[in-house]
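Spelled out from the first residue to the last, the chains are:
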Amino acid sequence: MAPTSTAAGSTWTGRPNLSDIPGFWTLPIAERAAAFAALREREPISFYEEPQVSILPRGAGYWAVTKLDDLVTASRNPAVFTSSKGSTSIADFPAEFIEFFGSMIGMDDPRHARLRRIVSRGFTPKRLGALTDDVERTARAIVDDVIDAGGCDAVSAISARLPLKIVCDMMGVPESQYEFIYTRSNIILGAGDPEYVSDADNIVMAVLQAGGELAELMRDLGRLRTANPTDDLTSLLVNAEIDGERLTPDELASFFILLVVAGNETTRNAISWGLHLLTEHPDQRAAWLADIDGVTPTAVEEIVRWASPVIFMRRTVASDTVLGGQAMSEGDKVVLFYWAANRDPAHFTDPDVFDVRRSPSPHVGFGGPGPHFCLGAHLARREMSVMFRELLTRVPDIHVTAPPDRLQSMFINGIKRMPVAFTPGGAR
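Residues numbered from 1 in each chain as written. Predicted model: local features only at pLDDT ≥ 70, side-chain atom pairs only at ≥ 80, totals over all residues. Heavy atoms only, no water.

Asker: It is not clear to me how the overall build of the chain should be interpreted in this structure. Could you clarify?
Answerer: Secondary structure assignment for the chain yields 16 helices and 14 strands. Taking the principal axes of its C-alpha atoms as reference, the chain extends roughly 55 × 55 × 40 Å. Out of the 428 residues in the chain, the part that is buried amounts to 55%. Long-range contacts, defined here as pairs at least 24 residues apart, represent 71% of the contacts in the chain between residues at least 6 apart. When the accessible surface of the chain is split by element, carbon and sulfur atoms take 53% of a total near 17,200 Å². Of note, the chain has its 41 positive side-chain charges centred 3 Å away from the centre of its 55 negative side-chain charges. (Helix = DSSP H or I, 4+ residues; strand = E, 2+ residues; numbered from the N terminus. Buried < 20%, exposed > 50% of the residue type's maximum accessible area, 1.4 Å probe, protein only. Contact = heavy atoms within 4.5 Å. Areas by Shrake-Rupley, 256 points an atom, 1.4 Å probe, with all protein chains shown as cover. Lys, Arg positive; Asp, Glu negative; His and termini not counted. Charge placed at Lys NZ, Arg CZ, Asp CG, Glu CD.)

Asker: Would you mind showing me how to read helix H8 (residues 161–171) here?
Answerer: Among the 11 residues of H8, eight are classified as buried, and the element is accordingly described as predominantly covered. Looking only at H8, the buried set comprises Leu162, Pro163, Leu164, Ile166, Val167, Cys168, Met170 and Met171. Where H8 ends, the next residue or the one after it, glycine 172, has phi of about 85 degrees, a positive value.

Asker: Can you help me understand unusual backbone geometry in this one?
Answerer: Most of the time, phi is negative for any residue but glycine, and the peptide bond is trans. For the bond from isoleucine 21 to proline 22, the omega torsion is 5 degrees, close enough to zero to count as cis. For proline 22, the location among the structural elements is in the loop between strand E2 (12–13) and helix H1 (29–42). Of note, the bond from serine 359 into proline 360 is cis; its omega dihedral lies within 30 degrees of zero at 0 degrees. Structurally, proline 360 is set in the loop between helix H15 (338–341) and helix H16 (377–394). In this model, serine 308 sits at a positive phi of 40 degrees, which is unusual for a non-glycine residue. Of note, serine 308 is situated in the loop between helix H14 (292–307) and strand E7 (312–317). Here serine 308 falls in the buried class, since its relative accessible area comes to 1%. The backbone of aspartate 350 sits at a positive phi, close to 45 degrees, despite the residue not being glycine. Assignment of secondary structure puts aspartate 350 in the loop between H15 and H16.

Asker: How do you make sense of the environment of aspartate 352 when you look at a structure like this?
Answerer: Residue position: aspartate 352 is located in the loop between H15 and H16. On a C-alpha basis, the gap between aspartate 352 and aspartate 397 in space is 24 Å, while along the polypeptide they are 45 residues apart.

Asker: Sorry, what's going on with the environment of glutamate 390 here?
Answerer: Here glutamate 390 lies in helix H16. Ignoring sequence-local partners within four residues, the contact set of glutamate 390 consists of Ala139, Arg140, Val143 and Val395.

Bear in mind that shape data such as this cannot, by itself, settle questions of function.
In structure tokens form, the structure reads like this:
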């Protein structure tokens with residue numbers, strides 16, 4: 001594992017070990033990019049031994065997919081590349097664990113289609129449009145709270161607050177539970193980081209406990225909304241009936257875990273990485289500031305592409321097939337590395353360059369095309385657009401003052417803490 005330099009565009013000698021946890025995944029971002037560039041060029045679909053995860057038995061290995069075309073092909077063929085054996089972990093968890101923590105992303109049709117059909121009623125353009133004022137008001141309040149300080153931790157004070165509040169308000173979760181949800185979601189997605197789970201042999205139990213506590217919170221709220229419905233998403237879901245079917249209490253709880261974890265953590269990390277990128281690339285900040293309305297849509301897509309908050313998703317081969325010229329057998333695990341595909345030079349000119357005007361940008365930061373494309377992508381884009389507009393117009397000199405404290409994870413490209421500074425007072 002030896003890059004010739006740490007600069008973007010550096011070359012990598014040897015074969016990177018993607019299963020080296022935490023070693024490979026704590027390397028500088030430029031080194032990680034160089035490693036995946038080497039794989040895309042020399043071995044775009046490569047086979048690896050599985051990393052050891054807590055007490056779980058180690059499986060037979062996995063195919064690492066690094067090119068965008070191959071990833072898109074697999075995503076569009078869920079009958080061959082299935083999700084129900086596991087999607088968020090390379091290790092094989094019990095089926096009950098996968099369903100509980102994965103909700104829709106750990107299902108195949110027809111179950112996936114049934115559940116998505118029900119929950120998608122909460123993500124219609126009309127319902128998401130009604131959230132616009134809430135998103136703008138929340139972003140304004142976040143900046144109000146820090147504007148006189150001249151500095152803060154960007155993650156806890158800015159990035160995490162917007163998606164957490166919006167998701168909780170959507171579901172009707174009271175503000176008194178925000179911190180509870182925040183800490184539990186950190187455990188679920190950051191279980192491999194010793195800051196969140198100190199005992200490496202206790203990872204599975206820690207995740208189960210955190211998920212169980214979130215599930216119980218939603219079961220209680222579901223019972224309350226069944227008896228006394230309001231206008232929140234929980235009320236809609238517990239009372240929604242499509243083709244004579246309703247969500248079970250366990251399905252509601254599982255969906256809530258997916259929503260607060262995926263809808264909170266991923267947007268939080270995209271915003272955090274965006275602040276880091278604007279600090280590293282002042283010319284791109286200037287370009288965005290010069291034309292906020294025109295540049296925001298492409299800038300948001302570029303942040304998601306570059307950051308790729310969800311690094312991979314797993315699929316399992318349902319029948320013998322060939323992907324990208326590589327023969328695969330029934331039962332093989334296939335890991336779709338979105339982070340690598342989003343830097344594929346076959347589709348992105350100068351892929352390691354951060355360009356707020358990049359267009360087109362066929363990235364897979366919200367998942368590949370097909371039934372598992374992110375249901376909340378529109379909301380995430382809206383949250384990011386509003387948050388950066390608020391920051392750029394009111395504290396335009398906001399900048400990172402120390403390297404980000406990155407999450408130790410193979411699954412989430414996360415930032416735990418990141419100090420920022422700006423001129424106090426800003427624009428009111």
